[in-house]
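As a plain string of letters, each chain reads:
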Amino acid sequence: MIALFAIYLFYFVSCHGFVAYSPTKMSAGKALIVQNKGGGHGELGYHLANILTAQGISVTLLQDNSANRSKQPFSSYSQLEEKGVNVIWGEFSKEISKNLPENEKFDFVFDNFAKNKETASDIAQKAKSWGVKNYVYVSSAGMYKNSEEVPLLETDPVKETGQREVELLAEEMDLPWTAFRPQYIYGPLMNKRDYLDWFFDRITWALDTIPMPHHGDQFVTITRAEDVASMMASVIDNPKATKQVFNCASTRSITYNDLLRRVAEACGSDYSKIKINPYDPKKFGVENGFFPFRENHFFVSCDKAVNLLNWSPEFDLVEDLEWYKYSYIAAGKADSPPNFETDDAINSKIEGYLSWGERFGDKERHPDLHENLESIRKTMIPMTKEYYIGMLDKHKYDSAIEHHSQEH
């Protein structure tokens, strides 16, 4: 019981945001966060509100009401309200600013909603009329064109995307603006789990042959949400941030093969028994949708943010895989297998390959797979879902404290 309590306490504190950002001075002012309905940037509003509130900023979080309130991070917004954050659920199909109280003004606007010039114009114009100190836009590193020269810099060629339109709009309007281009994001209360779950799916369900695009030695950067939010918060009262674009990522990168190995280690699986099957996505018609990352090296440099904003990340992906496996269990991902038909189709070109689906469906003929599955689950030390889901919920933390006290 003591060990279980210690594990829970560690993950509660590490995921609560207590260590994600430590402002050196208390700031003043009012900030508006315009938050989308979810996706890869879905949890940024939550973490940013936590950080800004800790800095002494009065925060209003304007949330697109088409978001699913029963899912994270939206189901945890009561945590923000307890800290004084004004959460407004609004209709975003028309003029977004009409959801705000009349005559309300803000010093900082963080736009995590706009996807193009049209969806940005209303809030951008309001920001201009308020005379904001900074209009901060959450853009995307996905706009960078593929390149053999890595890491990608803010000055590298980009595609003509909607996000790029917003960056240019802010400059055309002569706003004091800053644009952040996040890459791949993970973390507590994540709204999109695809990036790491792809690897956990194949390890926890004991695939002994895992297809990897080309060779698997491509580098990628995956960044924890609180680090993204802390970089965004670093613009507060920082004139060096104005009219600048910043790549938003960790200072560390990792290869696909090494990420798979690290996930295997976190789950107690023997990586030496896993076979990597290099494949050409074009030959199998899976250029998009199957693998969560690009086929080529794709990672950005955050040196500009480190130097100009005096920012540095607090979290490490490899260390975080330990708690991530518990969130994987809590999300029910270890309860029923994903669809591995594409994996089997790619691996079927290997002579003598038996499909995972066939082996999983016939326990008597293939007991080795099921024994491996059982061994992995025992090593992962599964917690009950009720004990872990909503790891930031204060009442569950208090219940753990009370139960521990009763036991001792």
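> Whenever I open this one, the packing of aromatic side chains confuses me. Can you help?
Working definition: an aromatic ring pair is given by the centre-to-centre distance plus the angle between the planes. According to the stated counting rule, one finds 28 aromatic pairs in the structure shown. Here the aromatic rings of Trp205 and Phe360 are separated by 6.0 Å at their centres, their planes lie at 80°, and the arrangement is edge-to-face. In this pair, Trp205 is assigned in the loop between α6 (194-204) and β8 (209-213) and Phe360 in helix α13 (residues 356-361), connecting sequence segments 155 residues apart. Classification of Trp205 by relative accessible area gives buried; the value is 5%. A residue is classified by how much of its surface remains accessible, and Phe360, at 26% relative accessible area, is partly exposed. With a centroid separation of 5.9 Å and 80° between ring planes, the pair formed by Phe291 and Phe293 is classed as edge-to-face. By way of ring pairs, the aromatic residues Tyr184, Tyr195, Trp198, Phe199, Tyr256, Tyr279, Phe284, Phe290, Phe291, Phe293 and Phe298 are connected into one cluster. Seen from the ring of Trp89, Arg69 lies directly overhead, with NZ or CZ sitting 4.0 Å from the centre.

> Is there a simple way to think about the nonpolar core in this case?
Inside soluble globular proteins, nonpolar side chains tend to come together where they are buried. Counting residues in hydrophobic clusters, the biggest one holds 52 residues, and the most contacted among them are Leu196, Phe199, Ile222, Leu259, Phe291 and Phe293. Of all elements in the fold, only β7 (184-186), α6, β8, α8 (256-266), α11 (317-330) and α14 (367-379) reach the threshold of two or more residues within this core. A total of 7 residues in this core trace back to one element, the largest contributor, which is α11. Not counting residues within four places of it along the chain, the set of residues in contact with Leu259 comprises Leu196, Phe199, Ile222, Ile254, Phe293, Leu317 and Leu321. In terms of nonpolar packing, the next biggest core, distinct from the first, is built from 39 residues, Ile51, Phe110, Cys302 and Leu309 among them.

> How should the environment of Leu308 be read in this particular structure?
Following the sequence through the fold, Leu308 ends up in helix α10 (residues 303-308). Residue class for Leu308 comes out partly exposed when judged on its relative accessible area of 31%. Taking the C-alpha atoms as reference points, Leu308 and Phe246, separated by 62 residues in sequence, lie 9.6 Å from one another. Those residues in contact with Leu308, other than ones at most four positions away along the chain, are Asn238, Lys240, Gln244 and Phe246.

> Is there a simple way to think about the packing of α6 against α11 in this case?
Relative placement of two packed helices is described by the angle separating their axes and the distance separating the axes. The N-to-C vectors of α6 and α11 enclose an angle of 65°; their axes lie 11 Å apart at closest approach. Here α6 is positioned roughly perpendicular relative to α11, judged by the angle of their axes. Considering how the two elements wind past one another, α6 and α11 form a crossing that is right-handed. Note on element contacts: α11 touches α6 through Leu317, Leu321, Tyr324, Lys325 and Tyr328, opposite Leu196, Asp197, Phe200, Asp201 and Thr204. Across the contact of α6 with α11, the residue classes break down as 6 nonpolar, 1 polar and 3 charged.

> Help me understand the sheet that holds strand β11 (residues 244-248) in this model?
Sheets are built from strands paired through backbone hydrogen bonds, the pairs being either parallel or antiparallel. The strand order β3-β2-β1-β4-β5-β6-β11 describes an open sheet built from 7 strands, whose pairing is parallel. What marks the edges here is a single partner per strand, and that holds for β3 (86-90) and β11. Neighbour-to-neighbour, the strand axes of this sheet turn through a mean angle of 15°, independent of strand direction. Bridge count between strand β2 (residues 58-64) and β3: 5 bridges; the pairing is parallel. Of the residues in β3, the one forming a bridge with Leu62 is Ile88.

The rules behind each value
Residues numbered from 1 in each chain as written. Predicted model: local features only at pLDDT ≥ 70, side-chain atom pairs only at ≥ 80, totals over all residues. Heavy atoms only, no water. Phe/Tyr/Trp six-rings, centres within 6.5 Å; stacked < 30°, edge-to-face > 60°. Helix = DSSP H or I, 4+ residues; strand = E, 2+ residues; numbered from the N terminus. Buried < 20%, exposed > 50% of the residue type's maximum accessible area, 1.4 Å probe, protein only. Lys NZ or Arg CZ within 6 Å of the ring centre and 35° of its normal. Core = buried A, V, L, I, M, F, W, Y, C linked by side-chain atoms within 4.5 Å. Contact = heavy atoms within 4.5 Å. Axes fitted to C-alpha atoms, helices over the stretch in contact; angles between N-to-C directions. Parallel < 35°, antiparallel > 145°, perpendicular 65-115°, else oblique. Left-handed = near helix turned anticlockwise from the far one by under 90°. Nonpolar A, V, L, I, M, F, W, Y, C, P; charged D, E, K, R; others polar. Pairing = 2+ DSSP bridges.

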